[in-house]
Amino acid sequence: MAIFALGINHKTAPVALREQLAFAPEQIAEALLDLTAKTAVTDAVIVSTCNRTELYFSGSSEQSKQVIAWLTQFHQLNRSDVEPHLYLHCDDAASTHLMRVACGLDSLVLGEPQILGQVKQAYSQSRQLGTIQPVFERLFQKTFAVAKQVRTDTEIGASAVSVAFAAVTLARQIFGKLNDVKVLLIGAGETIELVAKHLLEQGAAHLTVANRSYDRAAALAGQFNGQVVTLSQVPQALVDADVVISSTASTLPIVGKGMVEQALKKRRHKPMFLVDLAVPRDIEAQVAELEDAYLYTVDDLQNIVAQNIQSRQHAAEQAEQMIADGVADFSQWLSLQGNIDWVRDYRERCEAVKQELLQRALNQLASGQSADKVMTELATKLSNRLMHAPTRTIRQLLQDDTTQPQTLINTLLDV
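This report concerns the structure included in the present document.

Each value, and the rule that gives it
Residues numbered from 1 in each chain as written. Predicted model: local features only at pLDDT ≥ 70, side-chain atom pairs only at ≥ 80, totals over all residues. Heavy atoms only, no water. Helix = DSSP H or I, 4+ residues; strand = E, 2+ residues; numbered from the N terminus. Rg over C-alpha atoms; globule rule 2.2 N^0.38 Å. Buried < 20%, exposed > 50% of the residue type's maximum accessible area, 1.4 Å probe, protein only. Contact = heavy atoms within 4.5 Å. Areas by Shrake-Rupley, 256 points an atom, 1.4 Å probe, with all protein chains shown as cover. Lys, Arg positive; Asp, Glu negative; His and termini not counted. Charge placed at Lys NZ, Arg CZ, Asp CG, Glu CD. 1 Å grid on protein atoms, 1.4 Å probe; cavity = no way out; pocket = protein on both sides within 12 Å on 5 of 7 lines; lining within 4 Å. Points joined across faces, edges and corners; volume = space filled by probe spheres on them. Nonpolar A, V, L, I, M, F, W, Y, C, P; charged D, E, K, R; others polar. Pairing = 2+ DSSP bridges. Axes fitted to C-alpha atoms, helices over the stretch in contact; angles between N-to-C directions. Core = buried A, V, L, I, M, F, W, Y, C linked by side-chain atoms within 4.5 Å.

Per the secondary structure count, the chain includes 16 helices and 10 strands. Taking 415 residues into account, the globule formula puts the C-alpha radius of gyration at 22 Å, and the chain, at 33 Å, lies well above it. Once the C-alpha set of the chain is aligned to its principal axes, its extents read approximately 115 × 50 × 40 Å. Looking at the chain residue by residue over its 415 residues, the buried ones come to 41%. For the chain, long-range pairs separated by at least 24 residues make up 70% of all intrachain contacts whose partners lie at least 6 apart in sequence. Accessible surface for the chain amounts to roughly 22,600 Å². Of this, 51% is attributable to carbon and sulfur atoms. Across the chain, 37 positive and 46 negative side-chain charges occur, with their mean positions spaced 5 Å apart.

Let's shift gears to the layout of surface pockets. Considered as a void within the structure, the largest pocket measures approximately 770 Å³ in volume. Around the largest pocket, the lining comprises 25 residues; the ones closest to its centre are V109, E112, P113, Q114 and K197. It is helix α9 (residues 190–201) that provides the largest number of residues to the lining of the largest pocket, a total of 4 residues. Its residues assigned to classes, the lining of the largest pocket shows 8 nonpolar, 11 polar and 6 charged.

The subject of this paragraph is the sheet that holds strand β2 (residues 43–48). Within the open sheet, the 4 strands sit side by side as β2-β3-β1-β4. Their pairing is antiparallel. Taken across any chain shown, the strands that pair with only one partner, and hence form the sheet edges, are β2 and β4 (87–90). Averaged over all pairs of adjacent strands, the angle between strand axes in this sheet comes to 15°, irrespective of strand direction. By the bridge criterion, 4 bridges tie strand β1 (residues 2–9) to β4 in an arrangement that is antiparallel. Opposite A5, over in β4, you have H89 as the bridge partner. Strands in contact with helix α3 (residues 61–74) are β1, β3 (52–59) and β4; relative to β3, the strand with the most contacts, it is inclined by about 150°. Contacts between helix α5 (residues 92–102) and the sheet are confined to β1, β3 and β4, with β3 contributing the most and set at about 145° to the helix.

V45, Y56, V119, F136 and F140 are the most contacted members of the largest nonpolar core, which has 34 residues in total. Contributions of two or more residues to this core are made by β1, β2, α5, α6 (114–129), α7 (134–153) and α13 (298–338). Here this core takes 8 residues from α13, the largest share from any one element. The contacts of F136, once residues within four sequence positions are left out, are I3, D43, V45, Y56, F57 and S58.

Along the chain, the position of T208 falls in strand β6 (residues 206–211). Dropping the residues within four chain positions of it, T208 is found in contact with V183, L184, L185, Q227, V228 and V229.

Listed below in structure tokens is the structure:
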């Protein structure tokens, strides 16, 4: 039985196809049971996110073809439309892929941490449904151990690699804790929403959203119990703002030098940190001339992001070696499992020899033969029968010049 990883991701398929092949959370239990029933694979785990849908399973090559057919049928898609975008990894390549995914090395954003939680959730659900056997149990536990090592021993997740996260990281570096910092967000699009998410993760609790559409601003502010103001109220809102982050589609600046200058006077020149993520600019460049205003543009942040990406790529190289070691360790364990049947068979044969000779000895004792003679014969025959095959193996191994006789004998005797 081989281990397979089958799927599509952001590198192999357009978003439209990824959407069609995605499993909704409420579908996964049904899908796992249906997959194992119709293909008879012995293990099954489904990882489904916005950027990937992957099936991990164990079975034969013929069963891997059945899984591909099952995947397209489950989503009511034509196999010919899906198959060109699929990848299928087997054994060590499948284990390597799983570990790279869990470590964030195969993500759209290198080193992003969310995927590990998603893999853990997928494993947990499969475990609850009984679609994980001992081999996959070992594989996923090894994967989680490697991912923890990568997070702990490398800088894979230490640096911001998006301008939204970089903006929040800079704010945290300047103010330390963000719990008491007052933040004004100008705009209500995807970028500002992402900024708000990162701010909440860093403990920010005082957020105000300003937007041309009041309803859109209210919808965003409602997600984190924030305040709402209109664009015309921005001058007043600036007075209370320690951090200002702006990203709108406006063709003209929304925040001017004079507006910030007036706000700083009312703040008694308490410093203000401003980040302009918009193109064209939302904040006039001249604001940077003010003594207590610290303005960063999207270009400033892009430079920071570029440096951080380079740092993560170096960490990724370290992570790849850790993954290779993890795969080698799992592969060695797996190969040993294949020998368990041979070991069991050998022990059963030894037990049969023991029972045969023991019964003969008991019969001899029952017939009145001398106990000393019977015990001596039993010990001699048992030793000879049990030592014959190992002795022959030792002779063969000693023909190899690299084998150390004493080490070999100690190992066999468990000395």
